[in-house]
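Examining the three-dimensional arrangement
Okay, here's what each chain looks like letter by letter:
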Amino acid sequence: MGDSRARSALVHVGRPAPDPATLAAEARLRSTLEEVTALDLEVEALSATLADFARAYERSLGEAFQELHAAERLVRRIQALEGRLAVLEGELRDGGAAAPQAGARRSGGPLPVAAAAARAARARRSEAEDEAEREGEGGDGGDAEEAAAMLEPEALALKRLHRSLARLLHPDLAQEDGARERLGELMARANAAYEAGDLATLELMAERLGAGELDPDVSPEERRAHLDRRASALERIRAALGRERERLLRSDTARLLAESRRRAQAGGDLLGETHVELADEARAAYADALVRLGLLGTAARAVARARTAFMTKIERRGPTGARRAFDPLAEGGLVRMGAARLERQRATPAARDLARKLEDAAQAAPAEAALTLLAFFAEEAGGRPPDAIARADGWSAAWERLRPALPDAPELARALARLPRHLVLGARAHGEEVLAGVQLAEAELLAGVRIALEREQVAALARAVLATLGPAEACAGCGASGPAQHLLRTRGLDERHGVVCPGCGAILRSYWRYGELDGLEALAPHALRLGLVAEVTAQLAGTAIGFQMLPAERERLTAGELLRRFAELYLVQYGADVPGEALSLGTSRGGVLSADAPVAPGAKLRLAVDPSCGTSPEALLDHLRHRIERRFRP
């Protein structure tokens, strides 16, 4: 009896002929499914084509766009700094009531350009989030799942549903005879629907059993309603795919792809031509940046003049009641103060961190290290930079002289567009002067560069950088032209500067300087410490007198040559009645060097005077001091 009931579950139940309305619903469903499938394939193919073109576009033009954006950012940064300097200069000139606030914008908030960019970025992010949220709210998660199921191949869907129903309806699962007979009948209907390819009936049976209904029988009306629901869901999917196709066709990528194909048919190359255009735009932007960099100097000098006039008019009462001068730049954030000379040896943690980075960069990124050293020497020179870098075109010329020795070094403007964090385009004050351009982000970082100069790799790069800062000269002796080398021809008793040919050592210019040194003369200690120049010291009556020269000259220096230099710079210059042959050069051990004897490194030398000439070293020293003090007096 049980076997006969089990076998009855395998009986194929015939499917009654569907009515015309059901046939129409089935036809509508098949037609919509075919349209959705074709549209889905079209959208997928279009998306893949546009994605391939976008990747090719990015590979070909990504770097060019980045270069153009970097150049435009550099121009905007220089424009912003020039504009803020102009505002500060106007406020100082008009009475200075708001001068500190003009400078305080740097520390109190972002620049207007930066703030606008930040607001735009936030707006774009907000729009993207809103759009995603709208899509999430407008879409139906059930539709998406239903779409995935409906786009499944029908044969696979039939097999999947039939197997699921077989696991649920098998008669052996029943505990009673009545239930076993009922499951057998339902299993037979599922078999019949599967044989007939009636996916709708299987779906409805599965839905009802899944909902816990004990009678999953499907009436013709229910089957027709199910077919209509499926068709409606597919029509919504078809509409969404159509909108996606139109969006793709209207996208910038599609427009560029169409233009690329059009130009290719005409014998052109969109990507190649665009690359050339972007490169031209970037070059023009970088050239504009260099011109504007030169204008920064003019704006800074105008601020310096307005500051001087402003400070003569205003004072501020201090905490003790005493009146003190008020410097608006010192209390603002736009123009930072240059490092005071007595504070330059302090090394903060930030300075030591820069020292380590600079030591690494000397080998790994020499162009970055060289730019840092240029900024360092420009600031070490004080309120008057060396003539070679007093203007923006001088910076470009110095950089071009350095580039051949710097692997992968970009042009100056491109380097300025990608400044490391410790360098900025800004303004600084030195005494009464205000300077603008590339500088260290904070004055305390100068100490870090000095620490790094103790490493030979950094020192070697610094020698190359400092050698480019000399004045452009042409040597009549050897015919060489280019940056000359500054040195102190003598110091200790008198102080006389000189500009010499770095090739042959010929004296091109000789002069005196008074007051606090700045410019190229202020860099003389660095030139000596780095080994660009060498120095020999000899004592006259206990007073040390130094003589600087090129290292090559120092290597071949003889006692006679050193005496000649002393005679030229002191005896002849100040009318000392001492013949040159009355001078001699001795050592601390008491020996006298012959004229052609080499001067050994580190030797302790003393100048002696033959008593037969009627004077002594002490008397000669007094004479020279008297004449040096009255050098320009009648």
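Attention here is on the structure that accompanies the text. Along each chain, residue indices are assigned from 1 in the same order as the chain's sequence is written. Per-residue local features of the predicted model are confined to residues with pLDDT of at least 70, and side-chain atom pairs are confined, for both listing and counting, to 80 or more; whole-chain, interface and lining totals are unaffected and use all residues. Calculation of side-chain values draws on the structure's entire complement of heavy atoms; hydrogens and water are dropped beforehand.

**Quick word on the overall build of the protein chain**
Helical segments are the DSSP runs of H or I of at least four residues, strand segments are the runs of E of at least two, and each set is numbered from the N terminus. Scanning the protein chain from N- to C-terminus turns up 22 helices and 15 strands. Among the 634 residues that make up the protein chain, the fraction classed as buried is 42%. Only the protein chains shown count as cover for residues, and the accessible areas themselves come from Shrake-Rupley with a 1.4 Å probe. Within the structure as shown, the protein chain displays about 33600 Å² of accessible surface, and the carbon and sulfur contribution to it stands at 53%. Here's how the labels work: a residue is buried when its accessible area is under 20% of the maximum for its type, exposed when over 50%, partly exposed in between, all with a 1.4 Å probe on protein chains only.

**Some thoughts on the nonpolar core**
Each nonpolar core is a collection of buried residues, namely Ala, Val, Leu, Ile, Met, Phe, Trp, Tyr and Cys, held together in the definition by side-chain atoms within 4.5 Å. In terms of nonpolar packing, the biggest core is built from 108 residues, with Leu 85, Val 335, Leu 371, Phe 377 and Trp 399 touching the most fellow members. For this core, the element with the most residues is helix H2 (residues 20–93), which contributes 21 residues. Throughout, a contact is declared for two residues whenever any of their heavy atoms are within 4.5 Å. Beyond its immediate chain neighbours, meaning those up to four positions away, Trp 399 contacts Ala 367, Ala 370, Leu 371, Leu 374, Leu 406, Ala 409, Pro 410, Glu 411, Leu 412 and Ala 415.

**Notes on the packing of aromatic side chains**
For this analysis, a ring pair means two rings from Phe, Tyr or Trp (six-membered ring only for Trp) whose centres lie within 6.5 Å, classed as stacked if their planes differ by under 30 degrees, edge-to-face if by over 60, and tilted for the remaining angles. Counted according to the given criterion, the structure contains four aromatic pairs. An aromatic cluster is built from Phe 53, Tyr 57 and Phe 65, whose rings are joined through pairwise contacts. Here the basic side chain of Arg 496 rests over the ring of Trp 512, its NZ or CZ set 4.5 Å away from the ring centre. Consider the ring centre and the ring normal. A charge sits over the ring if Lys NZ or Arg CZ is within 6 Å of that centre and within 35 degrees of that normal.

**Overview of the pairing of strand S12 (residues 543–549)**
Among the seven residues that make up S12, six are buried, leaving the element largely enclosed by the rest of the structure. Between any two strands, at least two bridges found by DSSP are needed for them to pair. Between strand S11 (residues 534–540) and S12, which follow one another and run antiparallel, lie two residues, and Ala 541 among them has a positive phi close to 55°.

**Quick notes on the pairing of strand S15 (residues 605–609)**
The buried count for S15 comes to four of five residues, which makes it a mostly enclosed element. Two strands pair when backbone bridges link them, and S11 and S15 are joined in this way by two bridges, in the parallel orientation. Among the inter-strand pairings, Gln 539 is bridged to a residue of S15, identified as Arg 606. Sheet topology places strand S13 (residues 583–587) next to S15; five bridges connect them, and they run antiparallel. Of the residues in S15, the one forming a bridge with Thr 587 is Leu 605.

**Side note on the sheet that holds strand S8 (residues 485–490)**
An order of S8-S9-S10 is seen for the three strands of this open sheet, with the pairing classed as antiparallel. Two strands lie at the open edges of the sheet, namely S8 and strand S10 (507–511), each paired on one side alone. Within this sheet the neighbouring strands show an average axis-to-axis angle of 30°, counted without direction. Pairing geometry for S8 and strand S9 (residues 496–500), over five bridges, is antiparallel. Across the sheet, Thr 490 pairs through a bridge with Arg 496, a residue of S9. Fitted lines through C-alpha atoms give the axes, limited to the stretch in contact for helices. The angle between two N-to-C directions lies from 0 to 180 degrees.

**Here we look at the sheet that holds S13**
Strand order in the open sheet formed by five strands is S12-S11-S15-S13-S14, with mixed pairing between adjacent strands. The outermost strands of the open sheet, each flanked by one partner alone, are S12 and strand S14 (592–593).

**Brief notes about the environment of Pro 328**
Along the polypeptide, Pro 328 turns up in helix H12 (residues 328–331). On the basis of relative accessible area, Pro 328 is assigned to the buried category, the value being 2%. Along the primary structure Pro 328 and Arg 307 are separated by 21 residues, whereas in three dimensions their C-alpha atoms are 7.7 Å apart.

**Considerations on empty space enclosed by the protein**
Within this scheme a cavity is a closed region of a 1 Å grid, computed over the protein atoms alone, that accommodates a 1.4 Å probe without allowing it to escape, whereas a pocket is open but has protein on both sides within 12 Å along at least five of seven lines; lining residues each have an atom within 4 Å of a point. Grid points are joined across faces, edges and corners, and a volume is the space filled by probe spheres set on the points. For the structure shown, the criterion picks out two cavities of 30 Å³ or more. What lines the largest cavity is simply Leu 466, Ala 467, Gly 470, Ala 484, Gln 485, His 486, Leu 520, Leu 523, Ala 524 and Ala 527. Contributions of two or more residues to the lining of the largest cavity are made by helix H18 (456–467), S8 and helix H19 (524–530). When residue character is reported, Ala, Val, Leu, Ile, Met, Phe, Trp, Tyr, Cys and Pro are called nonpolar, Asp, Glu, Lys and Arg charged, and the others, Gly included, polar. Considered class by class, the residues forming the lining of the largest cavity number seven nonpolar, three polar and no charged.

**Considerations on the environment of Pro 410**
As for its position among the elements, Pro 410 is in the loop between helix H15 (392–402) and helix H16 (412–417). Take Pro 410: its relative accessible area is 28%, and that puts it in the partly exposed class. Taking the C-alpha atoms as reference points, Pro 410 and Glu 368, separated by 42 residues in sequence, lie 10.0 Å from one another. If near-sequence neighbours (up to four positions away) are discounted, Pro 410 is found in contact with Ala 367, Trp 399, Arg 403 and Ala 415.

**Here we look at the side chain of His 422**
Mapped onto the secondary structure, His 422 falls in the loop between H16 and strand S4 (423–430). For His 422, the residues in contact, after removing those within four places along its chain, are Leu 354, Glu 368, Thr 372, Gln 439, Leu 440, Ala 441 and Leu 445.

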